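Each chain, written out:
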Amino acid sequence: MGRMESDCRIPMSCLRPRILALHALFWVLVSLRVFGATLLSEEKTTVARPVTTPCWQMEEFVVAVECSRCNTFQSKSWAACIQTGYVERINCTKSNKDEYKSCRSTLMEEHLFWKFEGAMLGLTILFALIVAARQRSLDRLASEKVRRQIESI
């Protein structure tokens, strides 16, 4: 009789304490990176808030100039350009003040969408190839096991 083998598809080398510790460390670092970035962005927004509240947060406004990309000078000097790199000029109705407000461009959103789609397509292809290679490897191991069992008879 041959030795007993498990039907488990996880290699035993993956269950070693050192490998498990490395996996745990990896996911802890990823979590810290994600949550740390969130905490840092919240801190930045609290520090960057002006002392006076912009008029567009307290009253109705009309968009005077549609959302457009900031030039180099505006990007460095205007607080509204720092967040997204796009700005629109608005006119507050009550106070009749012109102010600049950060906005999200549809062109920028579309570009980000297609970058995301491309990344997801690339990952899909990569993982499909990994799964196919792994399945081929497992099939080879299974047929080798059957061949050994037949030869032992």
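The coordinates are above.
About the thresholds
One numbering rule holds for all chains: residues counted from 1, following each sequence as written. Restriction of local features to residues with pLDDT of at least 70 applies here, the model being predicted, together with a cutoff of 80 or more for giving and counting side-chain atom pairs; totals for whole chains, interfaces and linings are based on all residues. Calculation of side-chain values draws on the structure's entire complement of heavy atoms; hydrogens and water are dropped beforehand. Ring pairs shown here join Phe, Tyr and Trp side chains whose ring centres sit within 6.5 Å, with only the six-membered ring taken for Trp; geometry is labelled stacked below 30 degrees between planes, edge-to-face above 60, and tilted in between. Helical segments are the DSSP runs of H or I of at least four residues, strand segments are the runs of E of at least two, and each set is numbered from the N terminus. Only protein chains enter the area calculation, which uses a 1.4 Å probe; residues under 20% of their type maximum are buried, those over 50% are exposed, and those in between are partly exposed. Any two cysteine sulfur atoms lying within 2.5 Å of each other are counted as a disulfide.

*Asks:* Explanation requested: the packing of aromatic side chains in the structure shown.
*Replies:* Any two aromatic rings considered together are summarised by their centre-to-centre distance and by the angle between their planes. Within the structure shown, the criterion is met by two aromatic pairs. Consider the rings of Trp78 and Tyr100, whose centres lie 4.4 Å apart with planes at 35°: the pair is tilted. Residue Trp78 is found in the loop between helix H3 (72–77) and helix H4 (79–84), and its partner Tyr100 is found in strand S3 (residues 98–102); the two are separated by 22 residues along the sequence. Looking at Trp78, the relative accessible area reads 25%, which means it is partly exposed. Judged by relative accessible area, Tyr100 falls into the partly exposed class, the value being 39%.

*Asks:* It is not clear to me how the state of the cysteines should be interpreted in this structure. Could you clarify?
*Replies:* Simply put, the disulfide is a covalent bond whose two ends are the sulfur atoms of two cysteines. This structure, assessed with the given rule, holds two disulfides. Disulfide pairing is shown between Cys67 and Cys103; the S-S distance is 2.0 Å. Measuring handedness by torsion sign, the sulfur bridge of Cys67 and Cys103 sits at about 95° and is right-handed. Of the two residues, Cys67 sits in strand S1 (residues 61–69) while Cys103 sits in the loop between S3 and helix H5 (106–152), which places them 36 residues apart along the sequence. Judged by relative accessible area, Cys67 falls into the partly exposed class, the value being 27%.

Worth remembering: the numbers are spatial, not functional.
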